[in-house]
Amino acid sequence: MRSGVFEVDGAGLYYEVRGTGPALLMVSGAGGDAGYYSGIAETLSDAFMVISYDRRGNSRSSGRSETPMDLSVQAADARALVDGLADGRALVFGNSGGAIIGLTLAALHPEAMAGLIAHEPPAVNVLPDGDPGRGFFIELAALYEQGGAPAAGRRFAETTRGEGTYRWPADLWKRFLGNQDHLFGTEWPGFAAFRPDETALKSAPFPVVLGAGAEDRGTYYARPSIEIARRIGVPWVEFPGIHMEFLRNPAQFAAAVRVLATQMYSREGDVPRLWQGTVQ
């Protein structure tokens with residue numbers, strides 16, 4: 001693994017790169033930390049050049065601000081990393097808020113994309129009117145206003161199936177706690193307002209796949225993936241486990257990502273040049 005800091009407009013983004021081969025950029029959700037993907041990235045590094053990073057203002061990256069952040073900034077950061085570390089094009093995997101960023105990136109910067117895997121984007125605005133899930137972001141914003149990050153964070157964990165049943169790495173947990181004010185104060189409005197650009201996503205010149213975990217059926221953060229896939233006419237797949245199965249069981253989750261990412265790069269059965277290798 002090699003790491004560094006990539007300078008973008010107004011921030012330095014801490015990144016980690018593992019392996020060689022087709023580029024796979026992994027975008028994290030709440031807390032914005034590359035450490036979510038350490039286990040899965042290591043497993044996939046035999047086949048892909050896996051890039052993970054701390055999103056702007058989170059953990060080891062700079063650029064923290066009290067001004068609400070537009071999702072276009074998050075997408076521009078990801079695009080800059082693809083340009084600088086992956087020769088301008090990558091398959092993108094995003095979980096949760098990272099899936100929302102991935103969908104935004106696909107709409108705004110399609111030229112940087114080899115494909116998108118959007119895992120459980122909590123895009124509650126696509127749920128039907130009156131669906132209780134549509135109030136999620138409003139509820140937590142009110143809790144943050146009244147009781148600060150601890151109150152909002154506790155409620156967030158309560159709504160995420162499977163949290164509390166496994167242990168996070170100690171260093172990741174410590175960094176996550178330090179990111180909560182940035183999450184709820186700066187990033188939350190952008191995630192809350194998100195609506196997918198269905199026109200742009202329908203015309204994407206690369207494969208797009210939505211998905212959710214088998215143990216998350218029916219949750220407010222799993223159901224939007226099904227609705228978005230239906231609206232834009234792309235495949236939906238079921239992954240193993242829970243919202244953050246890549247932390248609980250990275251080997252199992254990596255196996256699912258490996259198959260899907262390989263198929264997306266190869267498209268209709270063609271073997272990409274990057275897999276051909278050289279004759280020894």
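That block above? That's the structure.
Residues numbered from 1 in each chain as written. Predicted model: local features only at pLDDT ≥ 70, side-chain atom pairs only at ≥ 80, totals over all residues. Heavy atoms only, no water.

Q: Give a detailed account of the packing of helix α4 (residues 136-159) against helix α5 (residues 170-193), specifying residues and quantitative values.
A: Contact geometry for α4 and α5: axes closest at 10 Å, N-to-C directions at 170 degrees. Relative to α5, α4 is oriented roughly antiparallel. Here F136, F137, L140, A141, Y144, A149, A152, G153 and F156 of α4 come into contact with α5, specifically with Q180, D181, L183, F184, G185, W188, F191 and A192. Class assignment of the residues belonging to the contact of α4 with α5 gives a composition of 13 nonpolar, three polar and one charged. (Axes fitted to C-alpha atoms, helices over the stretch in contact; angles between N-to-C directions. Helix = DSSP H or I, 4+ residues; strand = E, 2+ residues; numbered from the N terminus. Parallel < 35°, antiparallel > 145°, perpendicular 65-115°, else oblique. Contact = heavy atoms within 4.5 Å. Nonpolar A, V, L, I, M, F, W, Y, C, P; charged D, E, K, R; others polar.)

Q: Please set out the packing of aromatic side chains residue by residue, giving values where relevant.
A: The relative placement of two aromatic rings is captured by the distance of their centres and the angle of their planes. A complete count under the given rule lists 20 aromatic pairs for this structure. Measuring from centroid to centroid gives 4.9 Å for F184 and W188, while their planes differ by 55 degrees, and the two rings are tilted. Within this pair, F184 and its partner W188 are both found in helix α5, separated by four residues, close to a single helical turn. Judged by relative accessible area, which is 5%, F184 ranks as buried. With a relative accessible area of 4%, W188 lands in the buried category. Aromatic ring contacts, followed pair by pair, group F136, F137, Y144, F156, F184, W188, Y220 and Y221 into a single cluster. (Phe/Tyr/Trp six-rings, centres within 6.5 Å; stacked < 30°, edge-to-face > 60°. Buried < 20%, exposed > 50% of the residue type's maximum accessible area, 1.4 Å probe, protein only.)

Q: An account of the layout of surface pockets is needed here, citing residue identities and associated values.
A: Space inside the largest pocket adds up to approximately 460 Å³. What lines the largest pocket is a set of 23 residues, and nearest its centre among them are A157, E163, W168, W173 and F176. Its residues placed into classes, the lining of the largest pocket shows 12 nonpolar, eight polar and three charged. (1 Å grid on protein atoms, 1.4 Å probe; cavity = no way out; pocket = protein on both sides within 12 Å on 5 of 7 lines; lining within 4 Å. Points joined across faces, edges and corners; volume = space filled by probe spheres on them.)

Q: A description of the sheet that holds strand β1 (residues 2-8) should follow, citing residues and the corresponding values.
A: The pairing of strands in a sheet comes from backbone hydrogen bonds and takes either a parallel or an antiparallel form. Pairing is mixed across the open sheet formed by eight strands, whose spatial order is β1-β2-β4-β3-β5-β6-β7-β8. A strand with exactly one partner marks an edge of an open sheet, and here the two such strands are β1 and β8 (236-239). Taking each pair of neighbouring strands and ignoring which way they run, the sheet shows an average axis angle of 25 degrees. The pairing of strand β6 (residues 113-119) with strand β7 (residues 208-213) spans four bridges and is parallel. Bridge pairing links A118 to L210 in β7. (Pairing = 2+ DSSP bridges.)

Q: Tell me about the environment of A193, and name the residues and values.
A: Positionally, A193 belongs in helix α5. Taking relative accessible area as the criterion, A193 reaches 56% and is therefore assigned exposed. Residues A193 and Y265, spaced 72 residues apart in sequence, show a C-alpha to C-alpha distance of 31 Å.

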